[in-house]
Amino acid sequence: IVHIAAINKDRTIDDYQRIYNKIAEKIREDDEYDGYIGYGPVLVRLGWHSSGTYNKENNSGGSYGGTYRFKLENSDPSNNGLQNAAQFLDPIYKEFNWISHGDLYTLGAVCAIQEAQGPKIKWRPGRVDLPESATPENGRLPDAVNGADYVRKFYARLRMNDREAVALTGAHCLGRTHLKNSGFDGPWGAASSSFTNEFFINLLNEQWKLQKNAAGNKQYDSPKGYMMLETDYALIQDPIYLKIVKEYANNEASFFKDFASSFQKLLENGIDYPKGAPEYIFKTLDDQDM
Ligand code: CCH
């Protein structure tokens with residue numbers, strides 16, 4: 001399977017910055033969502049889940065076709081809760097209906113990370129809506145009840161090495177788990193709407209205890225009311241991962257740099273860009289004094 005980016009020469013960075021700004025302003029306005037965490041985290045998760053179906057073996061899945069819009073994909077139990085992000089983006093899509101769904105889902109995630117004071121993430125347009133027949137089967141997204149061997153194997157399917165796997169998981173600084181979506185409960189830290197290296201600091205410093213939650217699923221809980229999934233905790237059980245966790249806990253700039261490149265790679269997996277395809281870095285609302 002080959003997915004070639006379609007570059008529309010009539011569109012410039014300004015067209016995409018306009019969409020970015022709409023999303024950013026709506027995140028700011030609809031601030032009461034999910035106990036005042038806001039829509040940022042769930043938008044990041046939508047961008048990740050619409051990309052995380054990628055399989056390097058046959059180049060199938062991934063963000064290119066925008067297939068999350070089809071029922072087969074959005075009803076995957078792993079995607080519970082993401083309808084909130086899709087509904088958030090609906091009016092934006094209606095206003096800018098020239099953008100592809102894959103471009104919109106990934107742009108939404110980039111916008112949400114930057115507006116949460118995260119790193120600048122390079123983004124390229126060119127995804128093309130594919131028909132329903134291109135929808136990957138359910139079950140390609142990660143299962144949280146697993147250890148380091150599973151995590152390493154899972155990220156290898158996405159062409160990610162150990163540093164990239166650890167950096168990407170640091171997105172769990174944002175948002176929280178919801179019993180009704182995933183069967184897990186609670187946030188990973190205190191600042192759920194700011195993009196920081198808090199996930200790594202908490203992983204190393206809290207007193208974690210493996211417990212069964214109200215849904216009967218095992219998760220690590222701390223006295224401060226934070227949680228970790230078993231796949232998160234695996235990052236301090238494996239010695240190679242642990243070294244990287246310590247580095248990111250001590251050096252936020254190093255985390256930001258690796259996260260930015262890994263996230264761009266995640267969103268672009270499986271897409272062939274023609275030489276000279278434009279690469280955009282969007283301004284935040286703050287940058288624009290908006
Ligand atoms: Fe995640 N994540 N994630 N995650 N995730 C959940 C929530 C978020 C796993 C499981 C879960 C990444 C990797 C993994 C976010 C970003 C990323 C939830 C709770 C589970 C379960 C969902 C709920 O209940 O609403 C597992 C397993 C992995 C494997 O490594 C990666 C990679 C990213 C992005 C780069 C974000 C953000 C959330 C918060 C969503 C929200 O609604 O607050």
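Our structure's up above, just so we're on the same page.
Okay, so let's go over this structure. None of these values were measured; they are calculated from a predicted model. (Residues numbered from 1 in each chain as written. Predicted model: local features only at pLDDT ≥ 70, side-chain atom pairs only at ≥ 80, totals over all residues. Heavy atoms only, no water.)

### A short note on the nonpolar core
Core analysis: the largest hydrophobic core is formed by 79 residues, its most contacted members being I23, L43, F195, F259 and F263. A total of 8 residues in this core trace back to one element, the largest contributor, which is helix 6 (residues 101-115). Each of domain 1 (3-140 + 263-272) and domain 2 (148-254) contributes no fewer than three residues to this core. One finds A5, L130, I271 and Y273 within the second-largest nonpolar core, a separate group that totals 6 residues. (Core = buried A, V, L, I, M, F, W, Y, C linked by side-chain atoms within 4.5 Å. Buried < 20%, exposed > 50% of the residue type's maximum accessible area, 1.4 Å probe, protein only. Helix = DSSP H or I, 4+ residues; strand = E, 2+ residues; numbered from the N terminus. Domains from an automatic or database assignment.)

### Considering the site of the ligand
The environment of the ligand is formed by 22 residues, the closest being Y155, H172, H178, N181 and S182. In the environment of the ligand, a nitrogen atom lies 2.9 Å from a nitrogen or oxygen atom belonging to the side chain of H172. S182 places a polar side-chain atom, nitrogen or oxygen, 2.6 Å from an oxygen atom of the ligand. The dominant element in the shell around the ligand, judged by the number of residues it contributes, is helix 3 (residues 40-51), at 4 residues. Residue composition of the shell around the ligand, by class: 13 nonpolar, 7 polar and 2 charged. Summarising the domain contributions, the shell around the ligand has at least three residues from each of domain 1 (3-140 + 263-272) and domain 2 (148-254). (Near = heavy atom within 4 Å. Polar contact = N/O pair within 3.5 Å; in protein donor to acceptor, adjacent residues only side chain to side chain. Nonpolar A, V, L, I, M, F, W, Y, C, P; charged D, E, K, R; others polar.)

### Quick look at the packing of helix 12 (residues 239-250) against helix 13 (residues 252-268)
Running from N to C, helix 12 and helix 13 cross one another at 115°; their axes reach a closest spacing of 5 Å. Classified by the interaxial angle, the pair formed by helix 12 and helix 13 is roughly perpendicular. Contacts from E247, Y248 and N250 of helix 12 reach helix 13 at E252, S254, F255 and D258. Of the residues belonging to the contact of helix 12 with helix 13, the class tally is 2 nonpolar, 2 polar and 3 charged. (Axes fitted to C-alpha atoms, helices over the stretch in contact; angles between N-to-C directions. Parallel < 35°, antiparallel > 145°, perpendicular 65-115°, else oblique. Contact = heavy atoms within 4.5 Å.)

### A short note on the pairing of strand 4 (residues 209-212)
Note: strand 4 against strand 5 (residues 218-221), 4 bridges, orientation antiparallel. Paired with L210 across the strands is Y220, a residue of strand 5. Linkage of strand 4 to strand 5, two consecutive antiparallel strands, is achieved through a turn of 5 residues, within which G216 is found at a positive phi near 85°. (Pairing = 2+ DSSP bridges.)

### A short note on the packing of aromatic side chains
Where two aromatic rings form a pair, the distance of their centres and the angle of their planes describe that pair. Inspection of the entire model under this criterion finds 23 aromatic pairs. Summarising the aromatic geometry, the rings of F200 and F255 are spaced 5.0 Å apart at their centres and angled 75° between planes, so their arrangement reads as edge-to-face. Separated by 55 residues along the polypeptide, F200 in helix 10 (residues 198-205) and F255 in helix 13 bring together distant segments of the chain. Of the residues examined, F200 reaches a relative accessible area of 0% and is grouped as buried. By relative accessible area, which is 0% here, F255 ends up buried. Site record: aromatic cluster; members linked through ring pairs are F195, F199, F200, Y248, F255, F256, F259 and F263. Of note, R124 hangs over the ring of Y273, and the distance from its end group to the ring centre comes to 3.8 Å. Between the NZ or CZ atom of R152 and the centre of the ring of Y241, over which it lies, the distance is 4.4 Å. (Phe/Tyr/Trp six-rings, centres within 6.5 Å; stacked < 30°, edge-to-face > 60°. Lys NZ or Arg CZ within 6 Å of the ring centre and 35° of its normal.)

### Overview of the environment of A234
Locating A234 in the fold gives a position in helix 11 (residues 230-237). Overall, the relative accessible area of 0% leaves A234 in the buried class. C-alpha separation for the pair A234 and Y150, spaced 84 residues apart in sequence, amounts to 9.5 Å. With residues up to four places along the chain from it excluded, the contact list for A234 reads G147, A148 and Y241.

### Observations regarding the coordination of the iron atom of the ligand
Among protein atoms, the single one acting as a donor to the iron atom of the ligand is H172 (NE2), 2.1 Å away. Assignment of secondary structure puts H172 in the loop between helix 8 (162-169) and strand 2 (176-177). (Donors = N, O, S within 2.8 Å, 3.2 Å for Na, K, Ca; no water.)

### Focus on the environment of F263
Checked against the element boundaries, F263 lands in helix 13. The class of F263 is buried, set by a relative accessible area of 2%. Each C-alpha atom, one on F263 and one on A215, is 31 Å from the other, the two residues being 48 residues apart in sequence. Once residues lying within four places of it in the same chain are set aside, the contact partners of F263 are V44, W48, A109, I113, I121 and L168.

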